[in-house]
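Summary of structural features
So the chains spell out like this:
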Amino acid sequence: MAANATTNPSQLLPLELVDKCIGSRIHIVMKSDKEIVGTLLGFDDFVNMVLEDVTEFEITPEGRRITKLDQILLNGNNITMKRCLLLTGS
Amino acid sequence: MTSLLAAANEMASGGGGGGSKMADKEKKKKESILDLSKYIDKTIRVKFQGGREASGVLKGFDPLLNLVLDGTIEYMRDPDDQYKLTEDTRQLGLVVCRGTSVVLICPQDGMEAIPNPFIQQQDG
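Residues numbered from 1 in each chain as written. Chains lettered and ligands numbered in written order. Predicted model: local features only at pLDDT ≥ 70, side-chain atom pairs only at ≥ 80, totals over all residues. Heavy atoms only, no water.

Under an unreviewed UniProt entry, the name given to chain B is U6 snRNA-associated Sm-like protein LSm7, and the organism recorded is Melopsittacus undulatus. Annotation of chain B in UniProt includes, under Subcellular location (unreviewed entry), the sentence "Nucleus". (UniProt positions renumbered as here; feature names shortened; annotations may be inferred.)

Under an unreviewed UniProt entry, chain A has the name U6 snRNA-associated Sm-like protein LSm5 and belongs to Melopsittacus undulatus. Its UniProt record gives chain A the following Sequence similarities (unreviewed entry) comment, quoted word for word: "Belongs to the snRNP Sm proteins family." UniProt, in the comment section headed Subcellular location (unreviewed entry), describes chain A in these words: "Nucleus".

Laid out in structure tokens, this is it:
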């Protein structure tokens, strides 16, 4: 039988969109009030992400945290949303 | 028919593995209980673990419930906010929502506020 997950091939797959963002700045929103902005170097099946030149933001106290460089591995467990910053237009 | 039964018995007593059975009950299929293709290009509201809410046009999804939303508006809940929308909304544009933190998906028009049906809780 055909797989039940036959999605329309003309639609956009989420992981494809993440793949397109590799090499660009990406903005990640966590489940808590924390956000991470950095350059996406890569990700895996569990959507753990490797980022570079990272800035960490706390939304509630409205302060910018440490600016970390030298590549971080972000655990995919707490990621809620991801934005590709290159697509923000107008 | 009798020969089939006999063969099946043989296989069962053989202690075995993997005879091809007709009823494939043990085969786990990754079936989605919600068909999201009917929501494509429609505005949906999504709620996340941690209290965040967002709404946007559904552009894509996968079986793990990762979503692609366009024109996303995010609503944040504050302690003194208590589910008052319009405060603290952000325009996020094109986002990917992680399926592991999605708790609710519904059409944007599919919800309305009703008066509290649980006013009297004086059941003994």
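1. Digging into the overall build of chain B
When its secondary structure is counted, chain B shows 1 helix and 5 strands. Going residue by residue from the N terminus, the α and β elements of chain B occur as α-β-β-β-β-β. A burial count over chain B gives 28% of its 124 residues as buried. Long-range pairs, those at least 24 residues apart, make up 45% of the contacts in chain B between residues at least 6 apart in sequence. Surface summary for chain B: the accessible area is close to 9000 Å², and the carbon and sulfur share equals 53%. (Helix = DSSP H or I, 4+ residues; strand = E, 2+ residues; numbered from the N terminus. Buried < 20%, exposed > 50% of the residue type's maximum accessible area, 1.4 Å probe, protein only. Contact = heavy atoms within 4.5 Å. Areas by Shrake-Rupley, 256 points an atom, 1.4 Å probe, with all protein chains shown as cover.)

2. Observations regarding the interface of chain A and chain B
Contacts between chain A and chain B engage 28 residues on the former and 29 residues on the latter. Summed over both partners, the interface of chain A with chain B buries about 2300 Å², with 60% contributed by carbon and sulfur atoms. One can count 1 salt bridge joining chain A with chain B. Taking the shortest distance from any N to any O, the salt bridge between Arg52(B) and Asp33(A) comes out at 3.9 Å. Taken together, chain A and chain B are joined by 6 residue pairs in polar contact (both at pLDDT 80 or more). Going through the elements one at a time, helix H1 (14-20), strand S1 (25-30), strand S2 (34-43) and strand S6 (79-84) of chain A are the ones with two or more residues in the side of chain A that touches chain B. Among the elements that take part in the side of chain A that touches chain B, S6(A) stands out by supplying 6 residues, more than any other. Taken together, the residues that form the side of chain A that touches chain B break down as 16 nonpolar, 6 polar and 6 charged. Taken together, the 3 bridges between S6(A) and strand S4 (residues 89-97) of chain B define a ladder with antiparallel strand orientation. The partner of Arg83(A) across the bridge, within S4(B), is Val95(B). (Buried area = accessible area lost by both parts, 1.4 Å probe. Salt bridge = Lys/Arg side-chain N within 4 Å of Asp/Glu carboxyl O. Polar contact = N/O pair within 3.5 Å; in protein donor to acceptor, adjacent residues only side chain to side chain. Nonpolar A, V, L, I, M, F, W, Y, C, P; charged D, E, K, R; others polar. Pairing = 2+ DSSP bridges.)

3. What to know about the nonpolar core
The biggest cluster of nonpolar side chains holds 18 residues, and the ones touching the most others in it are Ile26(A), Ile28(A), Leu40(A), Met49(A) and Leu51(A). At the level of secondary structure, the elements contributing two or more residues to this core comprise H1, S1, S2, strand S3 (49-58), strand S5 (72-74) and S6 of chain A. Discounting residues that sit within four places of it in the chain, Leu51(A) has contacts with Ile26(A), Ile28(A), Ile36(A), Thr39(A), Leu40(A), Gln71(A), Ile72(A) and Leu74(A). Val29(A), Val46(B), Leu58(B) and Leu67(B) belong to the second largest nonpolar core, which has 17 residues in total. (Core = buried A, V, L, I, M, F, W, Y, C linked by side-chain atoms within 4.5 Å.)

4. Looking at the confidence of the model for chain A
Detailed reading of the predicted coordinates is not advisable wherever pLDDT falls low. Residues and elements named next belong to chain A. When the pLDDT values of chain A are averaged, the result is 80; 83% of them are 70 or greater. Of all helices and strands in chain A, the one with the weakest mean pLDDT is strand S4 (residues 63-68) (76), whereas S5 scores best (92). With pLDDT under 50 throughout, residues 1-6 is counted as low confidence; its partners more than four residues away or in other chains account for 4 contacts. (pLDDT = per-residue confidence, 0-100.)

5. Digging into the pairing of S3(A)
Residues and elements named next belong to chain A. The pairing of S2 with S3 spans 8 bridges and is classified as antiparallel. The residue of S3 that forms the bridge with Glu 35 is Phe 57. In sequence, S2 turns back onto S3 through a hairpin of 5 residues, with Val 47 there showing a positive phi of about 55 degrees. Pairing of S3 with S5 involves 3 bridges; the strand directions are antiparallel. Each residue of the ladder has a partner; that of Leu 51, found in S5, is Ile 72. Here S3 pairs with S4 via 4 bridges, running antiparallel. Of the residues in S4, the one forming a bridge with Glu 58 is Gly 63.

6. Description of the pattern of salt bridges
Scanning the model with the defined rule gives 8 salt bridges over all chains in all. Between Glu56(A) and Lys34(A) there is a salt bridge whose closest N-O contact spans 2.8 Å. Of the two residues, Glu56(A) is situated in strand S3 and Lys34(A) in strand S2; the sequence distance between them amounts to 22 residues. Classification of Glu56(A) by relative accessible area gives buried; the value is 9%. Taken together, the shared-partner salt bridges in this structure form one network comprising Asp33(A), Arg52(B) and Glu74(B).

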